[in-house]
Amino acid sequence: QVQLVESGGGLVQAGGSLRLSCTASGSIFSINAMGWYRQAPGKQRELVAAITVGGSTNYADSVKGRFTISRDNAKNTVYLQMNSLKPEDTAVYYCNAILVEVGGDYGELYWGQGTQVTVSS
């Protein structure tokens with residue numbers, strides 16, 4: 001079975017930094033795009049950043065210039081470096097990946113379980 005496991009969340013003061021990691025494991029043949037989403041209480045889940053297998057990136061306007069997404073294809077891992085954090089960044093952060101399982105014919109979307117990020121003012 002394929003699993004995505006996030007780590008690195010926590011409590012930080014405004015202006016601080018956190019680095020999230022997400023590693024995919026299991027019977028994986030290939031991974032296409034990977035990304036980070038977040039969901040604050042009472043709000044819809046929203047895209048934070050995404051990265052293709054070739055390294056092209058896309059960011060939400062609210063995090064441009066503060067967050068950086070990267071990936072290590074050899075480790076099936078995606079990272080989210082978050083700097084200059086604001087209280088409005090407080091949310092549960094989820095990683096996802098479009099990947100092809102061994103023996104599979106097409107890519108499927110998988111989600112991690114989420115990690116809490118809390119930014120205090």
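Attention here is on the structure that accompanies the text.

Rules used throughout
- Residues numbered from 1 in each chain as written.
- Predicted model: local features only at pLDDT ≥ 70, side-chain atom pairs only at ≥ 80, totals over all residues.
- Heavy atoms only, no water.
- Pairing = 2+ DSSP bridges.
- Helix = DSSP H or I, 4+ residues; strand = E, 2+ residues; numbered from the N terminus.
- Axes fitted to C-alpha atoms, helices over the stretch in contact; angles between N-to-C directions.
- Phe/Tyr/Trp six-rings, centres within 6.5 Å; stacked < 30°, edge-to-face > 60°.
- Lys NZ or Arg CZ within 6 Å of the ring centre and 35° of its normal.
- Buried < 20%, exposed > 50% of the residue type's maximum accessible area, 1.4 Å probe, protein only.
- Contact = heavy atoms within 4.5 Å.

A closer look at the sheet that holds strand β7 (residues 67-72)
Here is step 1: Reading across the sheet, the four strands line up as β1-β3-β8-β7 and stay open at both edges, with antiparallel pairing between neighbours. With partners counted over all chains shown, the strands left at the sheet margins are β1 (3-7) and β7, one partner each. Each strand axis lies, on average, 15 degrees off the axis of its neighbour in the sheet, ignoring direction.
Here is step 2: In terms of strand pairing, β1 meets strand β3 (residues 18-25) through five bridges, oriented antiparallel. Bridging across to β3, E6 finds its partner in C22.

Comments concerning the packing of aromatic side chains
Here is step 1: One pass over the structure, following the stated rule, counts one aromatic pair.
Here is step 2: Residue placement shows R19 over the ring face of Y79; its charged tip is 4.1 Å from the ring centre.
Here is step 3: Positioned over the ring face of W111 is R45, at 4.7 Å from the centre of the ring.

Some remarks on the side chain of R66
Here is step 1: Secondary-structure assignment places R66 in the loop between β6 (57-59) and β7.
Here is step 2: Judged by its relative accessible area of 10%, R66 is buried.
Here is step 3: Setting aside residues no more than four positions away along its own chain, R66 makes contact with Q81, M82, N83, S84, L85, K86 and D89.

Re the pairing of strand β9 (residues 91-101)
Here is step 1: Burial runs high along β9: eight of the eleven residues are buried.
Here is step 2: Here strand β4 (residues 28-39) runs beside β9; their pairing, made up of nine bridges, is antiparallel. Bridge pairing links R38 to Y93 in β9.
Here is step 3: Both β9 and strand β11 (residues 115-120) contribute to a ladder of three bridges, which runs antiparallel. Counterpart to A91 in the pairing with β11 is V117.
Here is step 4: Hairpin connection of β9 to strand β10 (residues 108-111): six residues between the antiparallel strands, including G103 at a positive phi of 85 degrees.

Remember that the coordinates give geometry; whether it matters functionally is a separate question.
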